[in-house]
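A structural walkthrough
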Amino acid sequence: MFLALLVCGLVVALVVIGLFVFGLRRRLIQRAGGTFDCSLRWNVPDEPDSTGKGWVYGVARYSGDEIAWFRVFSYAPRPRRVLERSAIVALERRTPEGEEELALLSDAVIQPCMYEGVRLELAMSEDARTGFMAWLEAAPPGQRVNVA
């Protein structure tokens, strides 16, 4: 009986510690500022796909001329993707369709982009998209603006 209680206590402690580390990691990512909730779908096919598959929930952070994208459900301290402003080409925005509405946050809009020949989609709030487009268009002098 004592051994079972000890094992249960250890499992509960590990779960609590795991949740604490998730929260601490998110707090450390957001501490630098310039973050927003942003789901990502990488290497999207050209034909429309409204199945909702491939979306990964994350947090994006502006960092100079780059956007660092972190998965939410990960313990990794480094970003999963780093997108350079000069290589991002923004395409025409769209709204979630079909099962995508269930896979994304309720107020999300989808911003399709091309990045070094790879098609990707970012899903974020309308306010975050406005900030993203302003950041994209605010490239330093001498850099091209990549808005299609």
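Notes on the structure in this doc start here. Computed from a prediction, not measured in an experiment: that's the story for all the values here.

1. Things to note about helix H3 (residues 126-137)
Helix length check: H3 (12 residues) gives 16 Å between terminal C-alpha atoms against 16 Å at 1.5 Å per residue, within 8%. Looking only at H3, the buried set comprises Ala128, Arg129, Phe132, Met133, Trp135 and Leu136. Viewed along the axis of H3, the buried residues span an arc of 160 degrees, placing them on a single side of the element. Taken together, the buried residues of H3 touch strand E1 (35-37), strand E3 (58-63), strand E4 (66-71), strand E6 (88-90), strand E7 (108-115) and strand E8 (118-125).

2. A word on unusual backbone geometry
In most cases, non-glycine residues show a negative phi, while peptide bonds are predominantly trans. Backbone geometry places Asn43, a non-glycine residue, at a positive phi of 55 degrees. Turning to its location among the elements, Asn43 is positioned in the loop between strand E2 (39-42) and E3. The exposed category is assigned to Asn43, whose relative accessible area is 56%. The phi dihedral of Glu116 is positive, around 50 degrees, even though this residue is not glycine.

Rules and cut-offs
- Residues numbered from 1 in each chain as written.
- Predicted model: local features only at pLDDT ≥ 70, side-chain atom pairs only at ≥ 80, totals over all residues.
- Heavy atoms only, no water.
- Helix = DSSP H or I, 4+ residues; strand = E, 2+ residues; numbered from the N terminus.
- Expected span 1.5 Å × (residues − 1).
- Buried < 20%, exposed > 50% of the residue type's maximum accessible area, 1.4 Å probe, protein only.
- Arc of directions from axis to C-beta.
- Contact = heavy atoms within 4.5 Å.

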